[in-house]
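Fold and geometry: a report
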Amino acid sequence: MYDKIFPPKKIVLPDGKVVLEKRTRIPLILLILIVATYFSVQLTDFSLKILFTRIGNFFTIIGSMIPPKWNYFDDLLGALFATLQMSLLGSVIGAVLALPFAVAASANIIRNRVVVAVFKVILSLLRTLPTLVTALIATFVFGLGPTAGVVAILLFTLSYVGKLLYEQIENVDMGPFEAMESIGMSRIEAFRSAIIPQVLPGYLSTSLFCFEGNVRYAAILGYVGAGGVGLLINENLGWRDYPSVGMIIVALVVTVYIIETVSEYFRKKLI
């Protein structure tokens, strides 16, 4: 349709041959983006006026956090460790559970197409649920506290790592797997010897990367009662105790930076 409205440009080569160069799609893409942006603004009642008139309040609050209340560190240390424990426990359990889920969702390993489809749908459904919504549901099931946060992080890690892992499994070289089956190995033994060595570095790297993100997610799960530093942030913002919030943010930034640095080092070793 686009080529009919804007016919390709004819280019004559030095040897006299004529070739057709398609017109760029950039104007059409820009037009679609402008129209989509316009209707998005209308539907959401977004106001540039409010954005520019109130953006100063954001920097006012940031300024109130400086300097942080350094002596508040002792009070948030327990919540910070709870956040790290939630992240680590949820990440480890989720990554471990992701392995059997990924295998069951791999069409080149499992011959039963119904089983493959069911597990792929399960992983897809888990990915569609925001972590905050999962944590909110978990608080009603398990009560307020870190357990709900662990469950929310666990389910997110399971869906994220499971999705990437079964894609890796479906793209491995099946030659060694088939060769080991042909010499009498069971599918489990062949999978352990031929497939796992191929996907293990990527699996561990993805799990470490997911753990990095989970530390940040765990920091806001306190807003739905899942414990950790998120609960302290919510309380101190409610009391307008911005210096304490600043101390929490500083502690989180340093903690996440250390974890990301260590995780990146090991991921580079694995890849």
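Going by what an unreviewed UniProt entry lists, the chain is known as Phosphonate ABC transporter permease and is assigned to Paenibacillus yonginensis. Of the chain, the UniProt comment under Subcellular location (unreviewed entry) reads exactly: "Cell membrane". For the record of the chain, the UniProt heading Sequence similarities (unreviewed entry) holds the text "Belongs to the binding-protein-dependent transport system permease family."

**Structural notes on the domain arrangement of the chain**
Reports of interface size often rely on the accessible area that becomes lost once the parts have come together. What the domain assignment lists for the chain is domain 1 (1-46) and domain 2 (67-270). Between the C-alpha centres of domain 1 and domain 2 there is a distance of 41 Å.

**Here we look at the packing of aromatic side chains**
Within the structure shown, the criterion is met by four aromatic pairs. Taken together, a centroid distance of 5.4 Å and an interplanar angle of 80 degrees make the contact between Phe58 and Phe59 edge-to-face. Overall, the relative accessible area of 55% leaves Phe59 in the exposed class. Judged by centre distance (5.8 Å) and plane angle (20 degrees), the ring pair of Phe156 and Tyr160 falls under stacked. Residue Phe156 and its partner Tyr160 are both found in helix H7 (residues 146-170); the two are separated by four residues, about one turn of the helix.

**Looking at the nonpolar core**
Core analysis: the largest hydrophobic core is formed by 23 residues, its most contacted members being Ile109, Ile169, Phe177, Phe191 and Ile195. Of all the secondary-structure elements, those providing two or more residues to this core are helix H4 (73-104), helix H5 (113-128), H7 and helix H9 (187-220). Ranked by residue count, the leading element in this core is H9, at seven residues. Listed in part, the 12 residues of the second largest apolar core include Leu80, Ala219, Val229 and Leu232.

**A look at helix H2 (residues 26-44)**
Taking 1.5 Å of rise per residue, 19 residues should cover 27 Å, and H2 covers 26 Å from first to last C-alpha, within 8% of that figure. Asp45 sits one or two residues past H2 and shows a positive phi near 60 degrees.

**Points about the packing of H5 against H7**
Viewed as axis vectors pointing N to C, H5 and H7 meet at an angle of 135 degrees, and their least axial separation amounts to 8 Å. One finds that H5 runs oblique with respect to H7. Of the two elements, H5 crosses H7, and the hand of that crossing is left-handed. Of the residues in H7, those touching H5 at Lys120, Leu123, Leu126 and Arg127 are Leu155, Leu158, Ser159, Gly162, Lys163, Tyr166 and Glu170. Among the residues forming the contact of H5 with H7, the class breakdown is five nonpolar, two polar and four charged.

About the criteria used
Residues numbered from 1 in each chain as written. Predicted model: local features only at pLDDT ≥ 70, side-chain atom pairs only at ≥ 80, totals over all residues. Heavy atoms only, no water. UniProt positions renumbered as here; feature names shortened; annotations may be inferred. Domains from an automatic or database assignment. Phe/Tyr/Trp six-rings, centres within 6.5 Å; stacked < 30°, edge-to-face > 60°. Buried < 20%, exposed > 50% of the residue type's maximum accessible area, 1.4 Å probe, protein only. Helix = DSSP H or I, 4+ residues; strand = E, 2+ residues; numbered from the N terminus. Core = buried A, V, L, I, M, F, W, Y, C linked by side-chain atoms within 4.5 Å. Expected span 1.5 Å × (residues − 1). Axes fitted to C-alpha atoms, helices over the stretch in contact; angles between N-to-C directions. Parallel < 35°, antiparallel > 145°, perpendicular 65-115°, else oblique. Left-handed = near helix turned anticlockwise from the far one by under 90°. Contact = heavy atoms within 4.5 Å. Nonpolar A, V, L, I, M, F, W, Y, C, P; charged D, E, K, R; others polar.

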